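Observations on the model geometry
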Amino acid sequence: MTSSMSLRKVFRSRKFSRSFKEVRSFDAAAGEESAHGNAWSNMLPELLGEIIRRVDATEEQWPHRQNVVACACVCKRWRDMTREIVKSPSHNGKITFPSCLKQPGPRDVPHQCLIKRNKKTSTFYLYLALTPSFTDKGKFLLAARRYRCGTHTEYIISLDADDLSQGSNAYVGKLSSDFLGTNFTIYDSQPPHSGAKPSSGRASRRFASKQISPQVPAGNFEVGQVSYKFNLLKSRGPRRMVCSLKSPVSTTSESSDSISLDGHKMHSRELAAFGYTILKNKAPRWHEHLQCWCLNFHGRVTVASVKNFQLVATVDPSQPGGKGDEETVLLQFGKVGDDTFTMDYRQPLSAFQAFAICLTSFGTKLACE
């Protein structure tokens with residue numbers, strides 16, 4: 001009883017907000033321990049593991065999920081044990097730490113999220129939905145702000161809604177578009193795999209001047225591209241888009257299907273071997289009675305908009321032959337209010353990748369509509 005009360009005091013002594021600031025602050029001071037540090041760090045491994053497993057199993061949703069984060073903030077030993085026990089979103093379907101935002105989502109049931117737009121500040125906020133209601137804010141995950149940079153547009157993506165700059169410790173990546181807003185490149189602030197090199201070119205630079213700190217990468221790492229196809233005949237219909245995302249998974253299975261990527265025709269087997277996941281928008285059906293193009297969003301989209309889309313995989317490195325399942329929706333995005341949108345994603349996409357893809361849908365694309 002006494003041990004339980006002491007543990008509760010440690011939890012309550014930690015302040016939690018709606019962002020992941022506490023975990024990032026702990027990253028900077030991983031070696032520091034609280035007044036209780038010595039007592040908790042000397043706990044038997046079996047007992048420590050049992051405590052964290054019980055907290056992980058009982059605190060399944062936010063805001064109660066913050067108690068799992070509290071375990072990682074007690075001391076370094078608790079942090080290492082928590083990392084070992086708490087599984088990734090693809091295994092337990094839970095978002096716990098900032099690192100979860102760059103890990104693949106669940107395989108079977110997608111994560112349901114909301115995107116709130118502030119037109120005045122050109123800012124977008126991503127929340128994990130905690131209830132079926134579209135009006136509830138949910139758990140804050142990421143924020144992005146649109147900047148006009150000469151002939152192209154950039155979206156800076158951050159863990160902190162109040163600090164949206166590339167020089168911030170909260171910076172996680174960015175999205176860069178061409179002049180027409182039809183071709184986008186997704187950049188990650190961290191290398192997606194060991195040996196990855198920062199992308200060359202001015203648009204991929206993180207800082208305009210020299211690197212300010214050896215611990216902060218000066219460049220960005222290209223992890224994906226999104227392209228909207230031109231509608232030269234101005235025919236009625238939704239936008240057509242293709243996404244290519246780099247992933248560390250590879251396969252050696254055979255396949256005869258081929259897909260055009262960056263002007264070069266490649267087989268699904270070759271694309272999968274390079275670790276590419278290729279997504280395209282699911283073709284809608286024309287509804288004669290309603291006189292409009294329709295997709296089944298299963299109640300998650302309520303307002304007709306050219307921005308609405310569903311993406312399926314044509315190339316998936318995790319599948320035999322590298323061929324994707326073109327019936328399973330991996331990402332869907334749609335409007336439910338003037339400045340409110342839903343975003344539902346699943347494996348192999350991460351929250352960061354899904355958010356970046358959805359950001360490409362904002363803005364006018366006259367050549368594609």
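Use the structure listed above.
Since the model is a prediction, treat every value here as computed from it, not as a measurement.

So, on to the nonpolar core. Counting 64 residues, the largest nonpolar core has Trp78, Ile115, Leu331, Met343, Phe355 and Ile357 as its most contacted members. Examining the composition of this core, we find that eight residues originate from one element, helix α9 (residues 351-359), more than from any other. Look past the residues within four positions of Leu331 in its chain and what remains in contact with it is Phe309, Gln310, Leu311, Met343, Asp344, Tyr345, Leu349, Ala354, Ile357 and Cys358. With five residues, the next largest nonpolar core counts Tyr125, Tyr127, Ala143 and Leu164 among its residues.

Counted under the stated rule, the structure contains zero disulfides. The thiol of Cys358 is not disulfide-bonded; the next cysteine sulfur, from Cys113, is found 9.0 Å away. Classification of Cys358 by relative accessible area gives buried; the value is 0%.

Counted under the stated rule, the structure contains seven salt bridges. Asp339 is paired through a salt bridge with Arg117; the nearest N and O atoms lie 2.9 Å apart. With a gap of 222 residues between them, Asp339 in the loop between β15 (331-335) and β16 (340-345) and Arg117 in strand β1 (residues 111-118) connect regions that are remote in the sequence. Taking relative accessible area as the criterion, Asp339 reaches 26% and is therefore assigned partly exposed. Given a relative accessible area of 17%, Arg117 falls into the buried group.

This paragraph deals with the sheet that holds β16. One closed barrel accounts for twelve strands, arranged β1-β2-β3-β4-β5-β6-β7-β8-β11-β14-β15-β16; its pairing is antiparallel. Averaged over all neighbouring strand pairs, the angle between strand axes comes to 20°, with direction disregarded. Here three bridges tie strand β14 (residues 309-315) to β15, and the two strands are oriented antiparallel to one another. Bridge assignment links Gln310 to a residue of β15, and that residue is Gln332. Packing against the sheet, α9 makes contact with β1, β2 (123-128), β3 (139-149), β4 (152-158), β5 (171-177), β6 (183-188), β7 (221-228), β8 (241-246), β11 (276-281), β14, β15 and β16, and its axis sits at approximately 135° to β16.

Looking now at α9. In terms of residue burial, α9 counts as a mostly covered element, since nine of its nine residues are buried. Turning to α9, its buried residues are Ala351, Phe352, Gln353, Ala354, Phe355, Ala356, Ile357, Cys358 and Leu359.

Scanning the entire structure with this criterion turns up eight aromatic pairs. Consider the rings of Phe333 and Phe341, whose centres lie 5.3 Å apart with planes at 10°: the pair is stacked. Judged on exposure class, the residue Phe333 and its partner Phe341 are both buried. Three or more aromatic residues joined by ring pairs make a cluster, and in this case those are Phe124, Tyr155, Phe309, Phe333, Phe341 and Phe362. The ring of Phe352 has Lys102 lying over it, and the distance from NZ or CZ to the ring centre is 5.1 Å. Seen from the ring of Tyr187, Lys174 lies directly overhead, with NZ or CZ sitting 5.6 Å from the centre.

What follows deals with the pairing of β6. Judged by how many residues are buried, β6 sits mostly within the fold: five of six residues are covered. Across five bridges, the pairing between β5 and β6 is antiparallel. The residue bridging Gly173 from the neighbouring strand is Asp188, located in β6. In sequence, β5 turns back onto β6 through a hairpin of five residues, with Gly181 there showing a positive phi of about 75°.

About the thresholds
Throughout, residues of each chain are indexed from 1 in the direction in which the sequence is written. Confidence filtering applies because this is a predicted model: local features only for residues at pLDDT of at least 70, side-chain atom pairs given and counted only at 80 or more, and all residues used for totals across whole chains, interfaces and linings. Processing note: side-chain calculations cover all non-hydrogen atoms of the structure and skip hydrogens and water entirely. By nonpolar core we mean a set of buried residues, namely Ala, Val, Leu, Ile, Met, Phe, Trp, Tyr and Cys, connected to one another through side-chain atoms within 4.5 Å. Partly exposed residues are those whose accessible area sits between 20% and 50% of the maximum for their type, while under 20% is buried and over 50% is exposed, using a 1.4 Å probe and protein chains only. Starting at the N terminus, helices and strands are each numbered in turn, a helix being any DSSP run of H or I of at least four residues and a strand any DSSP run of E of at least two. By definition in these notes, contact holds between two residues if any of their heavy atoms fall within 4.5 Å. By convention in this document, the label disulfide applies to cysteine sulfur atom pairs within 2.5 Å. Salt-bridge detection follows one rule: a side-chain nitrogen of Lys or Arg within 4 Å of a carboxyl oxygen of Asp or Glu. Strands qualify as paired when DSSP identifies two bridges or more between them. Only the contacting stretch of a helix is used when fitting its axis, a line to C-alpha atoms as for every element, and angles between N-to-C directions run 0 to 180 degrees. For Phe, Tyr and Trp, rings pair up if their centres lie within 6.5 Å, where Trp contributes its six-membered ring, and each pair is then called stacked (planes under 30 degrees apart), edge-to-face (over 60) or tilted (otherwise). Charge-over-ring placement is defined geometrically: NZ (Lys) or CZ (Arg) within 6 Å of the ring centre, and within 35 degrees of the ring normal.

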